[in-house]
Amino acid sequence: RMGQADLCAPGGCELGPRPIDLHLAAMRSLGAVIAEAGGGLHCTGGLRGADIVFSLPSVGATENAMLAACGAQGITVIDNPAREPEIVDLQGFLRSMGAQVSGAGTGEITIQGGCRLHAGEYTVMADRIVAATYLCAVAAAGGEGELLGTQGEDLGPVLAALEAAGCETGRAPNRLWIRRRGPLGGVGSLCTGPYPAFPTDAQPLLAAALAGGTGKSRITETIFDRRFRYTEGLCAMGAAIQVEGDTAYILGRPL
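All values derive from a computational prediction rather than experimental measurement.

*Asks:* How should I be thinking about the overall build of the protein chain in this particular structure?
*Replies:* What the protein chain contains, in helices and strands, is 7 helices and 14 strands. Oriented by its inertia axes, the alpha-carbon framework of the protein chain measures out at about 60 × 45 × 25 Å. Considering only intrachain contacts with a sequence separation of at least 6, the fraction spanning at least 24 residues in the protein chain is 62%. Looking at the protein chain as shown, the accessible area adds up to about 13200 Å², and 54% of this sits on carbon and sulfur atoms.

*Asks:* Can you help me understand the packing of aromatic side chains in this one?
*Replies:* How two aromatic rings sit relative to each other is set out by the distance from centre to centre and by the angle between their planes. With the rule as written, the count across this model stands at 2 aromatic pairs. Here the aromatic rings of F93 and Y122 are separated by 6.2 Å at their centres, their planes lie at 65 degrees, and the arrangement is edge-to-face. Note that F93 is positioned in helix α3 (residues 85-96) and Y122 in the loop between β7 (108-113) and α4 (128-141), a separation of 29 residues in sequence. The class of Y122 is partly exposed, set by a relative accessible area of 31%. On the numbers, 6.3 Å between centres and 45 degrees between planes, the contact of F228 with Y230 is tilted. For F228, a relative accessible area of 9% gives the class buried.

*Asks:* What is the right way to look at helix α1 (residues 21-29) in this model?
*Replies:* The periodicity of an α-helix, 3.6 residues per turn, causes residues three or four positions apart to be oriented the same way. What α1 keeps buried is the set L22, L24, A26 and M27. Its buried side turned inward, α1 meets β2 (33-37), β3 (40-44), β4 (51-53) and α2 (59-71).

*Asks:* I would appreciate a short explanation of the pattern of salt bridges in the present structure.
*Replies:* Between side chains of opposite charge, a pair can form when the charged atoms approach closely. Under the criterion given, the structure shown has 6 salt bridges. Residue E144 pairs with R179 through a salt bridge whose shortest N-O separation is 3.3 Å. Remark: R179 occurs in strand β10 (residues 175-180) and E144 occurs in strand β8 (residues 143-148); sequence separation between them is 35 residues. Using a relative accessible area of 57% as the deciding quantity, one classes E144 as exposed.

*Asks:* Please explain the sheet that holds strand β9 (residues 168-172) as it appears in this structure.
*Replies:* Backbone-to-backbone hydrogen bonds pair the strands of a sheet. The strands run either parallel or antiparallel. The strand order across the open sheet built from 3 strands is β8-β10-β9, with neighbouring strands paired in antiparallel fashion. Whereas interior strands pair on both sides, the edge strands pair on one side only; in this sheet they are β8 and β9. The average angle at which neighbouring strand axes cross in this sheet is 15 degrees, direction not considered. Both β8 and β10 contribute to a ladder of 6 bridges, which runs antiparallel. If you follow G145 over to β10, its bridge partner there is I178.

*Asks:* How should I be thinking about the packing of α4 against helix α5 (residues 156-164) in this particular structure?
*Replies:* The relative placement of two packed helices comes down to the angle between their axes together with the axis-to-axis distance. Contact geometry of α4 with α5 gives a least axis separation of 11 Å together with a crossing angle of 0 degrees. With respect to α5, the axis of α4 lies roughly parallel. Residue-level contacts link A132, L135, C136 and A139 of α4 to V158, L159 and L162 of α5. When its residues are assigned to classes, the contact of α4 with α5 shows 7 nonpolar, no polar and no charged.

*Asks:* What's the story with the environment of P81 in this structure? I'm lost.
*Replies:* With respect to the helices, strands and loops of the structure, P81 is situated in the loop between β5 (74-79) and α3. Ignoring sequence-local partners within four residues, the contact set of P81 consists of F54, P57, T62, T106, G107, E108 and I109.

*Asks:* What am I meant to see in the pairing of strand β11 (residues 188-191) here?
*Replies:* By the bridge criterion, 4 bridges tie β11 to strand β12 (residues 216-220) in an arrangement that is parallel. Among the inter-strand pairings, C191 is bridged to a residue of β12, identified as T220.

The rules behind each value
- Residues numbered from 1 in each chain as written.
- Predicted model: local features only at pLDDT ≥ 70, side-chain atom pairs only at ≥ 80, totals over all residues.
- Heavy atoms only, no water.
- Helix = DSSP H or I, 4+ residues; strand = E, 2+ residues; numbered from the N terminus.
- Contact = heavy atoms within 4.5 Å.
- Areas by Shrake-Rupley, 256 points an atom, 1.4 Å probe, with all protein chains shown as cover.
- Phe/Tyr/Trp six-rings, centres within 6.5 Å; stacked < 30°, edge-to-face > 60°.
- Buried < 20%, exposed > 50% of the residue type's maximum accessible area, 1.4 Å probe, protein only.
- Salt bridge = Lys/Arg side-chain N within 4 Å of Asp/Glu carboxyl O.
- Pairing = 2+ DSSP bridges.
- Axes fitted to C-alpha atoms, helices over the stretch in contact; angles between N-to-C directions.
- Parallel < 35°, antiparallel > 145°, perpendicular 65-115°, else oblique.
- Nonpolar A, V, L, I, M, F, W, Y, C, P; charged D, E, K, R; others polar.

Next up, the structure:
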């Protein structure tokens, strides 16, 4: 909007390499000139519609490209975008302000840039990882809990895993409940992946609950190569977790 921007390089959790190359490539496709020097970025140039092809369906890069394309002149087509529910939610938010965006949740998103935006009202979706946090906390502690403001439509893999471990779950309009009466068992084998697979951000939460349970579980992580560093802390509390490459083997026992 201002014609140029200077920013420092982003930080983030130490889960493994987290390059921003897809973000930069998308901005450059739209006409931005980005110079990297001294640990920072200097960005200039007007934006125009373009075809953007992602080699990986990055959520953040897809959101960045969508936002930038709304401010660019002309039509932008994003190929192989992320398909997470949050992408669909961003599309809904942008539409509520007059943007012309379509295709979120599919393999191609089209944006008509340069539309005049106006004030709007939009209700943001419930946070899936916050919901998964509460669900796993109840699973670990036992008893029952109820989440309001969500029905868990986008939490299928998390609910399935908790049910496999012995929890009961149920849905009603605008609420979701979970109950654990007996011991928490294992889930067998589980593998993370892009939506609609089991979310990588919910993987440590589930593992923490399973570590204090009674069963055996095997979790394979396909997104971040250092995602299992948290297991060191659980093992210090008495957990029986063995990590081999991209897979963690969990034997539930009291912590």
